[in-house]
Amino acid sequence: MCKVVKFGGSSLASAEQFRKVGDIIHSDADRCYVVPSAPGKRFKKDSKVTDMLYACYECAQADRNFKDQLAAIKARYQEIIDGLGLDLNLDGEFETIEKYFTYKAGRDYAASRGEYLNGIIMAAYLEYEFVDAAEVICFDEEGVFDPEETNRVLGKRLSQIEYAVIPGFYGARPGGDIRTFSRGGSDITGSIVAKAVQADVYENWTDVSGFLVADPGIIDNPKGIDVITYRELRELSYMGAGVLHEESIFPVRQENIPINIRNTNSPEDSGTWIVGSTCQKSKYVITGIAGKKGFCSINIEKDKMNSEVGFGRKVLQVFEENDISFEHVPSGIDTMTVFVHQDEFMHKEQKVVANLYRLAKPDSIEIESDLALIAVVGRGMRATRGTAGRIFSALSHANVNVKMIDQGSSELNIIIGVTNDDFETAIKAIYDIFVLTNL
């Protein structure tokens, strides 16, 4: 059996956390390949090393003295090395970083050094082989991740190594220029490694014991999710459930490799299993609730719109030409509403409206701002009658006005639009009716 294990920044913030990670890895010989993040916060007001690197590089880019900031970063790593009692010296690495910062090697290079250095320490501590992600995670000349080449190169390299540490978050273009994934991208690296080695399990270790039914910032002590499918997770991650980077799902999903979200500080917890499909029923009709604020709706009305061929294409073309992506497009006989991110739309609204009138020739256009979208997701919804009715009954009792409803043909999720002010109240009402009362 082969397991790929990824550890987040909070799991590797200090020597004490490193020891926990070491104990976890050595407790199971099947944990062959380790993907570390950069050190996170040790305490609430602490700084993440990645943020320190960004700030340090900004000084270098502005031709200001950055040596003190770089020394502070070096001290963070030295504290871990000393705490672990390792015979390891990173002076040469920091001399190289200083030189590359001086030559302005780029923000991607700067950010990647957090994972790179932590990978060196992790490999020394575990006595595993260190594999620089720049040698095996491939981006093309345009800086776009190349999954096929990466799978070939990485698979070949790791087939010759029984135990290895591969830093997360970054790779390189053919010429060696460092490229990074979006923030939190170590999750993606772990998934890529799992696919390349055809792992049996991809364990993602963090500071929580898996996914929760709802945001603990809104619901007190929300229930945990034991098993969730990739499709359910995709819906929840996109709408704000932030335990796992949403793009990390795709490489393992293609190979049907299960993901196990675990807690470094509570390794005895089984966490959440993410699988392709399952016969296991969820505890509740719904699997989870997630949402985001900050949307606006553009409601377009035109008599006999339904009989005008190409009307929808014309409307969406305007948004495309203005580089604005849409979230949902519910429609009626004579109406079509487009939901977009407010911050993307607000600076272009008059141009968009003018182009809509020019191209689609609607009778009227109304814009409503400060809206939130909530996703109610669950495989159990398919076989349960009256789910939507229960949602709207709960919202009605909570005096929440529903602005929009959109249910996909898969019957896996229902999207509800409410005002920003009603966002938390709506989530609490839905959680109460499906989880607390569990009717």
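Scoring rules and cut-offs
- Residues numbered from 1 in each chain as written.
- Predicted model: local features only at pLDDT ≥ 70, side-chain atom pairs only at ≥ 80, totals over all residues.
- Heavy atoms only, no water.
- Helix = DSSP H or I, 4+ residues; strand = E, 2+ residues; numbered from the N terminus.
- Buried < 20%, exposed > 50% of the residue type's maximum accessible area, 1.4 Å probe, protein only.
- Polar contact = N/O pair within 3.5 Å; in protein donor to acceptor, adjacent residues only side chain to side chain.
- Pairing = 2+ DSSP bridges.
- Right-handed = clockwise from strand over helix to strand, strands pointing away.
- Axes fitted to C-alpha atoms, helices over the stretch in contact; angles between N-to-C directions.
- Contact = heavy atoms within 4.5 Å.
- Core = buried A, V, L, I, M, F, W, Y, C linked by side-chain atoms within 4.5 Å.
- Phe/Tyr/Trp six-rings, centres within 6.5 Å; stacked < 30°, edge-to-face > 60°.
- Lys NZ or Arg CZ within 6 Å of the ring centre and 35° of its normal.
- Expected span 1.5 Å × (residues − 1).

(A) Up close: the side chain of Arg-379. Here Arg-379 shows up in the loop between strand E14 (364–377) and helix H13 (387–397). A relative accessible area of 16% places Arg-379 in the buried class. Within the local environment of Arg-379, its side chain forms a polar contact with the backbone oxygen of Val-227, the two atoms lying 3.4 Å apart.

(B) Structural view of the pairing of strand E1 (residues 3–7). The buried fraction of E1 is high, at five of five residues. Neither face of E1 is left uncovered, since the one carrying Lys-3, Val-5 and Phe-7 and the one carrying Val-4 and Lys-6 both have all their residues buried. As defined by bridge partners, E1 adjoins strand E2 (residues 31–36) across five bridges and the pair is classed as parallel. Looking across to E2, one finds that Val-4 is bridged to Tyr-33. Handedness of the β-α-β unit built from E1, helix H1 (residues 15–26) and E2 comes out right-handed.

(C) Main features of the pairing of strand E16 (residues 413–419). Buried residues dominate E16, accounting for six of its seven residues. Where E14 meets E16, seven bridges bridge the pair, whose relative direction is antiparallel. When the sheet's bridge partners are listed, Val-376 is paired in E16 with Ile-414. Bridging between strand E15 (residues 404–407) and E16 involves four bridges; their strand directions are antiparallel. Within E16, the residue paired with Asp-406 across the bridge is Ile-415.

(D) Representation of the sheet that holds strand E11 (residues 288–301) within the structure. Judged by pairing direction, the sheet is antiparallel, and its six strands sit side by side in the order E12-E13-E11-E14-E16-E15 without closing on themselves. Edge positions in the open sheet fall to strand E12 (326–328) and E15, since each of these has one partner strand only. Neighbour to neighbour, the strand axes of the sheet diverge by 40° on average, direction disregarded. Across the sheet, helix H10 (residues 311–321) is in contact with E11, E12 and strand E13 (335–341); its angle to E13 comes to roughly 20°.

(E) Region of the structure containing the environment of Lys-67. By secondary structure assignment, the location of Lys-67 is in helix H3 (residues 67–84). Counting along the chain gives 31 residues from Lys-67 to Glu-98, while the straight-line C-alpha distance between them is 7.9 Å.

(F) Here's a closer look at the nonpolar core. Judged by nonpolar contacts, the single largest core of 121 residues is most densely connected at Tyr-33, Phe-101 and Leu-158. Those residues in contact with Phe-101 that sit more than four places away from it in its chain are Leu-53, Cys-56, Tyr-57, Ala-60, Phe-66, Tyr-109 and Ala-110. Formed by 18 residues, the second largest nonpolar core is a distinct cluster that contains Met-305, Phe-311, Val-318 and Ala-360.

(G) Layout of the sheet that holds strand E4 (residues 164–165). With mixed pairing, the eight strands of this open sheet are ordered in space as E3-E4-E2-E1-E7-E9-E10-E8. Among the strands making up the open sheet, the edge pair consists of strand E3 (129–130) and strand E8 (227–229). Here strand E9 (residues 259–263) pairs with strand E10 (residues 272–275) via three bridges, running antiparallel. Looking at the pairing, Ile-259 lines up with Ile-274 of E10.

(H) Here's a closer look at unusual backbone geometry. With a phi angle near 65°, Glu-127 is a residue other than glycine that sits in the positive phi range. Residue classification places Glu-127 among the exposed residues on the basis of a relative accessible area of 73%. A positive phi angle, near 50°, is found at Lys-361, a position not held by glycine. Mapped onto the fold, Lys-361 is located in the loop between helix H12 (349–359) and E14.

(I) Representation of the packing of aromatic side chains in the model. If you walk through the whole model with that rule in mind, you get 12 aromatic pairs. Ring centres 5.1 Å apart and planes at 35° place the aromatic pair Tyr-128 and Tyr-163 in the tilted group. With Tyr-128 in the loop between helix H5 (107–126) and E3 and Tyr-163 in the loop between helix H6 (147–158) and E4, the pair connects residues that are 35 residues apart, well separated along the chain. Between Phe-145 and Phe-181, the aromatic rings sit 5.5 Å apart at their centres with planes inclined by 65°, giving edge-to-face as the arrangement. One end of the pair, Phe-145, is in the loop between E3 and H6; the other, Phe-181, is in the loop between strand E6 (178–180) and helix H7 (186–196), and 36 residues separate them in sequence. The class for Phe-145 is partly exposed, based on a relative accessible area of 24%. Among the aromatic residues, those joined into a cluster by ring pairs are Tyr-57, Phe-66, Tyr-100, Phe-101 and Tyr-109. Across from the ring centre of Tyr-170, 5.4 Å away, lies the NZ or CZ of Arg-113, which sits over that ring.

(J) Focus on helix H2 (residues 49–61). With 13 residues, H2 extends 18 Å from end C-alpha to end C-alpha; this agrees with the ideal 18 Å at 1.5 Å per step. Check the buried side of H2 and you find it contacts H3, helix H4 (91–102) and H5. At the C-terminal side of H2, Asp-63 shows a positive phi close to 60°.

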